[in-house]
Amino acid sequence: MQPGSPEDDWREDCAPRRVLELFATKWTSMVLHTLHARHAGRSRTGVLQRSLPGISKKMLTQTLREMESSGLVTRHVGSTVPPAVEYRLTELGNRFVEPVELLYGWGRRNADALDQLGRRSTARRT
């Protein structure tokens, strides 16, 4: 198989699979969206948590650590007591916001189609 061949689109490490792996948890895209749309790319941890109904402190911390590890956000610790921790979208994080916003926009415009989906066992919505 040659690089750039059609078979490359189906490999385990192909770009579509890598994108889906990044967004395998719902909270990664929600944190990106919330940081961008509600907080101009930066937010303190508590403010961010209050902006994301349904996320636990543990899940937010885990998600932010994973996002920091992958380079989507940076963590800044202020010199106050107690330390004020702020997360900021990186340049890479801002690049990933674009497809998230497109997908969320599609969802808002097509809520009727989403309403027609069968109920998933993990869904909270009734």
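Just above sits the structure.
Residues numbered from 1 in each chain as written. Predicted model: local features only at pLDDT ≥ 70, side-chain atom pairs only at ≥ 80, totals over all residues. Heavy atoms only, no water.

Some details on the nonpolar core
At step 1: In terms of nonpolar packing, the biggest core is built from 18 residues, with V31, L48, L52 and L60 touching the most fellow members.
At step 2: For this core, the secondary structure elements donating two or more residues are α2 (26–39), α4 (57–70), β3 (85–89) and α5 (91–109).
At step 3: In terms of residues, this core owes the most to one element, α2, which gives 4 residues. (Core = buried A, V, L, I, M, F, W, Y, C linked by side-chain atoms within 4.5 Å. Buried < 20%, exposed > 50% of the residue type's maximum accessible area, 1.4 Å probe, protein only. Helix = DSSP H or I, 4+ residues; strand = E, 2+ residues; numbered from the N terminus.)

What to know about the pattern of salt bridges
Oppositely charged side chains may form a pair once their charged atoms are brought near each other.
At step 1: On inspection of all chains with the given rule, the structure shows 3 salt bridges.
At step 2: For E86, the salt bridge goes to R42, with nearest N and O atoms at 3.8 Å. With E86 in strand β3 and R42 in strand β1 (residues 42–44), this residue pair connects regions lying 44 residues apart in the sequence.
At step 3: A single network of salt bridges, built from pairs that share partners, joins R42, E86 and R88. (Salt bridge = Lys/Arg side-chain N within 4 Å of Asp/Glu carboxyl O.)

A closer look at the packing of α2 against α4
At step 1: Viewed as axis vectors pointing N to C, α2 and α4 meet at an angle of 80°, and their least axial separation amounts to 10 Å. When the interaxial angle is binned, α2 and α4 end up roughly perpendicular. For the pair α2 and α4, the contacting residues are W27, T28, V31 and L32 in the first and M59, L60, T63, L64 and M67 in the second. (Axes fitted to C-alpha atoms, helices over the stretch in contact; angles between N-to-C directions. Parallel < 35°, antiparallel > 145°, perpendicular 65-115°, else oblique. Contact = heavy atoms within 4.5 Å.)

What about the sheet that holds β3?
At step 1: Strand order in the open sheet made by the 3 strands is β1-β3-β2, with antiparallel pairing throughout. Unpaired on one side and paired on the other, β1 and β2 (73–77) mark the two borders of the sheet. Across this sheet, the average inter-strand angle for adjacent strands is 25°, counted without regard to direction.
At step 2: Note: β2 against β3, 5 bridges, orientation antiparallel. Within β3, the residue paired with V73 across the bridge is L89. (Pairing = 2+ DSSP bridges.)

Structural notes on the environment of Y87
At step 1: Note that Y87 resides in strand β3.
At step 2: For the pair formed by Y87 and E68, sequence separation is 19 residues and the distance between their alpha carbons is 8.8 Å.
At step 3: Apart from the residues lying within four places of it in its own chain, the contact partners of Y87 are L35, G41, R42, S43, T45, L64, V73, T74 and R75.
At step 4: Within polar-contact distance, the side chain of Y87 engages the side chain of R75 at 3.1 Å. (Polar contact = N/O pair within 3.5 Å; in protein donor to acceptor, adjacent residues only side chain to side chain.)

Description of the layout of surface pockets
Over the atoms, a rolling probe the size of a water molecule traces out where space has been left empty.
At step 1: As a volume, the second largest pocket reaches approximately 180 Å³.
At step 2: T45, G46, Q49, K57, T61, L64, R65, R75, V85 and Y87 are the residues that line the second largest pocket.
At step 3: Elements with a minimum of two residues in the lining of the second largest pocket: α3 (45–50), α4 and β3.
At step 4: If you tally residues by element for the lining of the second largest pocket, the top one is α4, at 4 residues. (1 Å grid on protein atoms, 1.4 Å probe; cavity = no way out; pocket = protein on both sides within 12 Å on 5 of 7 lines; lining within 4 Å. Points joined across faces, edges and corners; volume = space filled by probe spheres on them.)

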